[in-house]
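# Summary of the model geometry
One-letter residues, chain by chain:
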Amino acid sequence: MSRRVRRRVVRRGKEKLDCLDIDENSSLDAKGVLDWTSLPDDTTIQLFSCLNYRDRASLSSTCRTWRAIGKSPCLWQALDLRHDKCDAAATTSLASRCESLQKVRFRGPESADAIMHLEAKNLREISGDCCRKMSDATLSVLAARHEALECLMIGPDFCEKISSDALKAIAICCPKLQKLRLSGIHEVDARAINALAQHCPNLADIGFIDCRKVDETALGNVTSVSFLSVAGTTNIKWNVVLQQWTNLPHLIALDVSRTDITPITVTSLFASSCSLKVLCALNCPLLEEEASFATDKYHKGKVLLAVFTDILRGVASLFVDMPKNDLNVFLDWRNTNDRKTNEILNWLEWILSNSLLRVSEINPPGLDNFWLNQGTSLLLNFIQSPQEEVQERAAMALATFVIIDDENAKIHTGRAEAVTRYGGIRLLLNLACSWKEGLQAETAKAIANLSVNANVAKAVAEEGGISILVNLARSSNRLVAEEAAGGLWNLSVGEDHKGSFVEAGGVKALVDLIFKWSRCSGGEGVLERAAGALANLAADEKCSTGVASVGGLRALVTLARNCKVDGVQEQAARALANLAAHGDSNNNNAAVGREAGALEALVQLTRSLHDGVRQEAAGALWNLSFDDKNREGIAAAGGVEALVALASSCANASRGLQERAAGALWGLSVSETNSIAIGQQGGVVPLISLARSDAEDVHETAAGALWNLAFNPGNALRIVEEGGVFVLVRLCATSVSKMARFMSALALTYMFDGRMDEIALVGTSAEGTSKSVKLDGLRRLALKCIDEFIMTFSNPHAFAAAAASSAPTALAQVTESARIQEAGPLRCSGAEIGRFVSMLRNPSPTLKGCAAFALLQFTMVGGRHAPLHVKLLQNAGAQRVLRAAAAAAGAPIEAKIFARIVLRNLEAGGSST
């Protein structure tokens, strides 16, 4: 059955729009419901034509009417098998539909073998990529089974296992061949080329690209050739080229990009060849080094296209009527009625897009000006090409040429913003809406890479790109879903357009991706990108709630528990860490802990061999440990042992891993039970080691953990025995972090408030004897250090004014001088607050001063946990003790003033004023 779709034309200004001529009421039943099976055949065929071959075949099986329509030859003119598993069973199931198949694209040698089962005897065009392992036998049989073949393209991967024997077989088996483009063959010898000249009289387009050796003399015998490319081919004898190729009677265009052609050879080719019109020579070092030659752009009506010429203007000069705007030369001439002009343009688009892709992959130095001034414009021209392969290569090049460092996600800002400046974002998004999966995948990748730049990401979001990528992420094609998820991952970084994710249903789409692809093998790339995007979104308070509300917790925990791929585990753990980071604003922290298997999975991930996984898992446990029940759950899941082991093993690891390992122990040690367990499991030694780090983030968290541990006298003695006093004194005196100095001072205060003296006689070792330490000397050193620390916050004039007057302004001046902004998030338990109240009664002036200073930090008006701390102080009856400290005759003035300020904070209730 062969039908022609009836169309009518609507004119909008000078623009013609094709529209289906459909009677809207013809398919409605008595109730006004559309009966799809009664649609006109032409309409149904048009709908089918917008589907990929899988959906088309599936839809054909729904009813008898559509089964017949679904086999219409017009629907099976071309077949793209690159994005699915293509084996004999798959192609055999399609064979009954492929009698009229004209064009097929495949990926990999296994798919080439499967193509034989399509039984498409009239196949005209075969295009394959990823064929590095393709053998002579496979290619020869492919040619033998398709004698009507007119076009054969294998590349751009290197086909190192294909030899001249296969080329000779192609020549003999495919006499109608008109176009042959092959990449990366070791040698194309005279036998093969002469066979092509003898058996393929219509062979007009030849490409031997990135080959190591091509017989130049034999190529001179292929008199039918009009378009010839030897781009990237090495070992070319240019003297032979000048002797043989200049006599080719029909040679119109020659591509020598990425070769060692010289200026003299170019000049001689133009002078000697009567038919040659255009020479492509992109990224030819010897040409570009010749400054004088670079100024000679045009050679007697013949055009040289190189990085130092105006390529678009050069292409425009090929035609009698030059376009008004050189930037649109390909667009203006694409619909010309001149067949020869169309042939040249189609060849130029394919050759230039292929060369630009190769150059972008190599990324040679010195091409910034080229990419910014015309390379970007060229690629955006090719995005609009009618040739699908050209569009794909242009998108691939846009995805590649911006990359500086793919490991660290660094891109070239100027190149990325040039794409935006030339209107490239809208063009890419339009192309992403294509139903062709190859274009969807490559365009989504380009958008993803470009969106690393914040300005480009903003443009993508403003143009509706998030919605487009969300739709692509729902694709059943793994590559499309993976690249779309990668784009969403990069776009999720921007704070300005996180709301667009919610509006576009992006959060739920990402969660659905995890549930969908976690059940499929080979979907790890999708899972990593989806989890990474959710991790970025979860860092935002509002989005964090949205992630949890659509099942994100369960999805991420499922990945953390079941997936064995490092990248997926890392992003899942990071997402859980970010979800748990909003403990004061939502209940996600507690909810993660309640999710079955979450804590156990994160504890297990801290034992991973991959540093990134261990770092994010430790970070998640650190955040989760702020919840009381989570702390108990982590400990019950073996978290104490796992985190002590992690801290012990990360001496040479990254700063991020060290910080999070110490931070997780800090969080767990808030519980006295856990604190004792950490000390007994050997956690003191690795924390002291981490406290020696020069990295501020690392020694700050290690000091925090030692502060909590030191609250227990047994741990305090362990710290003393392991030389921790000297480490804490050094931190307290020299760290650039006020927080590290503050917590070191508090740890030293706990250690030498007298509680440790009783157990020092017994010791902490298994034998019951303490290491030899001199507590008196260490106590003097510690108290001296604490005094000096407190004095760094002493403003003599402010203290004198506060001592003379109780005016709020005087006390406020002392408060601002003493404030440690970073201490705001610290949250103390009732036991800790009680310990500081007890210290106010201690006869040591140093301990009194430090206790008052600490309570001042914890009750700062407007502080996050100030109301809680004020309530705990009130419950402990601290007002009376504070008044006594403020009036004590022998107390230092700093302790008195700090105590008075804390009393005022209690009166204010810790709320902001």
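Further up the page is the structure itself.
Since the structure is predicted, the reported quantities are computational estimates derived from the model, not experimental observations.

Thresholds, definitions, all that
- Residues numbered from 1 in each chain as written.
- Predicted model: local features only at pLDDT ≥ 70, side-chain atom pairs only at ≥ 80, totals over all residues.
- Heavy atoms only, no water.
- Helix = DSSP H or I, 4+ residues; strand = E, 2+ residues; numbered from the N terminus.
- Rg over C-alpha atoms; globule rule 2.2 N^0.38 Å.
- Buried < 20%, exposed > 50% of the residue type's maximum accessible area, 1.4 Å probe, protein only.
- Contact = heavy atoms within 4.5 Å.
- Areas by Shrake-Rupley, 256 points an atom, 1.4 Å probe, with all protein chains shown as cover.
- Lys, Arg positive; Asp, Glu negative; His and termini not counted.
- Charge placed at Lys NZ, Arg CZ, Asp CG, Glu CD.
- Core = buried A, V, L, I, M, F, W, Y, C linked by side-chain atoms within 4.5 Å.
- Pairing = 2+ DSSP bridges.
- Right-handed = clockwise from strand over helix to strand, strands pointing away.
- Polar contact = N/O pair within 3.5 Å; in protein donor to acceptor, adjacent residues only side chain to side chain.
- Expected span 1.5 Å × (residues − 1).
- Arc of directions from axis to C-beta.
- Salt bridge = Lys/Arg side-chain N within 4 Å of Asp/Glu carboxyl O.
- Axes fitted to C-alpha atoms, helices over the stretch in contact; angles between N-to-C directions.
- Parallel < 35°, antiparallel > 145°, perpendicular 65-115°, else oblique.
- Nonpolar A, V, L, I, M, F, W, Y, C, P; charged D, E, K, R; others polar.
- Phe/Tyr/Trp six-rings, centres within 6.5 Å; stacked < 30°, edge-to-face > 60°.
- Lys NZ or Arg CZ within 6 Å of the ring centre and 35° of its normal.
- Disulfide = S-S within 2.5 Å.

Of the regular secondary structure elements, the protein holds 51 helices and 15 strands. A compact globule built from 913 residues would reach a C-alpha radius of gyration of about 29 Å, whereas the protein, at 37 Å, exceeds it by more than 25%. For the C-alpha atoms alone, the extent of the protein along its principal axes is close to 110 × 80 × 60 Å. Counting across all 913 residues of the protein, residues that qualify as buried make up 56%. A sequence separation of at least 24 residues applies to 69% of the contacts in the protein between residues at least 6 apart. Accessible area of the protein: about 38,100 Å², with a carbon and sulfur share of 49%. With 96 positive and 98 negative side-chain charges, the protein shows a separation of 3 Å between the mean positions of the two kinds.

Next up on the list: the nonpolar core. Core analysis: the biggest nonpolar cluster contains 313 residues, and F208 and W707 have the highest contact counts within it. Looking at this core, the element that brings in the most residues is helix α16 (residues 339-362), giving ten residues.

Below, the discussion takes up the pairing of strand β6 (residues 151-154). Alternating residues of β6 divide into C151 and M153 and L152 and I154, and every residue in both groups is buried. Pairing of strand β5 (residues 125-129) with β6 involves four bridges; the strand directions are parallel. Within the sheet, the bridge partner assigned to G128 lies in β6 and is I154. Sheet topology note: the β6/strand β7 (residues 179-183) ladder contains four bridges and is parallel. Bridging from a neighbouring strand, M153 pairs with R181 of β7. Where the polypeptide runs from β6 across helix α7 (residues 164-173) and back to β7, its parallel neighbour, the crossover connection is right-handed.

Our next topic: the side chain of H865. As for its position among the elements, H865 is in the loop between α48 (845-858) and α49 (866-875). By relative accessible area, which is 11% here, H865 ends up buried. At 3.3 Å, the side chain of H865 and the backbone oxygen of P825 are in polar contact.

Moving on: helix α44 (residues 775-791). Helix length check: α44 (17 residues) gives 24 Å between terminal C-alpha atoms against 24 Å at 1.5 Å per residue, within 8%. When we look at burial in α44, the residues that qualify are L775, L778, R779, A782, L783, C785, I786, F789 and I790. All buried residues of α44 fall inside an arc of 160 degrees around its axis, so they share one side. Opposite the buried face of α44, at more than 90 degrees from it, the exposed residues are D776 and R780.

A few words on the pattern of salt bridges. Applying the stated criterion across every chain yields a total of 32 salt bridges. In this structure, the salt-bridge partner of D165 is R191, at a minimum N-O distance of 3.1 Å. Separated by 26 residues along the polypeptide, D165 in helix α7 and R191 in helix α8 (residues 190-199) bring together distant segments of the chain. Overall, D165 belongs to the partly exposed group, its relative accessible area being 47%. Linking D753 and R755 is a salt bridge whose minimum nitrogen-to-oxygen distance equals 2.8 Å. The class for D753 is buried, based on a relative accessible area of 11%.

Moving on: the side chain of T846. By the element assignment, T846 lies in helix α48. Overall, T846 belongs to the buried group, its relative accessible area being 9%. Setting aside residues up to four positions removed in sequence, T846 forms contacts with L783, I786 and D787.

We now examine the environment of L559. If you trace the backbone, L559 turns up in helix α29 (residues 552-562). A relative accessible area of 2% means that L559 is categorised as buried. Filtering out sequence-adjacent residues up to four positions away, L559 remains in contact with I514, S518, L527, A531, V568 and A572.

So, on to unusual backbone geometry. Put simply, G155 and P156 share a cis peptide bond, and its omega is 10 degrees. Positionally, P156 belongs in the loop between β6 and α7. Even without glycine at this site, R258 takes up a positive phi of about 60 degrees. Among the structural elements, R258 can be located in the loop between β10 (253-255) and α11 (263-272).

On to the pairing of strand β8 (residues 205-209). β8 sits mainly inside the fold: five of its five residues count as buried. Side chains D205, G207 and I209 project from β8 onto one buried face, and the interleaved I206 and F208 project onto a second face that is buried too. One crossover worth recording links β7 to the parallel β8 by way of α8, and it is right-handed. Two strands pair when backbone bridges link them, and β8 and strand β9 (residues 227-229) are joined in this way by three bridges, in the parallel orientation. If you follow G207 over to β9, its bridge partner there is S229.

Glancing now at the packing of α7 against α8. It is at 8 Å that the axes of α7 and α8 come closest, and there the two elements cross at 5 degrees. By the criterion of interaxial angle, the relationship of α7 to α8 is roughly parallel. Contacts between α7 and α8 involve S164, D165, L167, K168, A171 and I172 from the former and R191, A192, A195, L196 and H199 from the latter. Here the residues of the contact of α7 with α8 sort into six nonpolar, two polar and three charged.

Moving on, we get to the packing of aromatic side chains. Think of a pair of aromatic rings as described by two things: how far the centres are apart, and how the planes are tilted against each other in angle. In the structure shown here, the tally under the stated rule is 15 aromatic pairs. Taken together, W707, F711, F742, Y750, F789, F793, F799, F836, F853, F858 and F898 form an aromatic cluster joined through their ring pairs. Over the face of the ring belonging to W350 we find R181, whose NZ or CZ atom lies 4.2 Å from the ring centre. Here the basic side chain of R755 rests over the ring of F711, its NZ or CZ set 5.3 Å away from the ring centre.

Let's shift gears to the state of the cysteines. Using the criterion set out here, one finds zero disulfides in the structure. With no disulfide of its own, C173 has C174 as its nearest cysteine by sulfur position, at a separation of 5.9 Å. Just so you know, C785 is unpaired, no disulfide at all, and the nearest cysteine sulfur is the one on C732, 3.5 Å from it.

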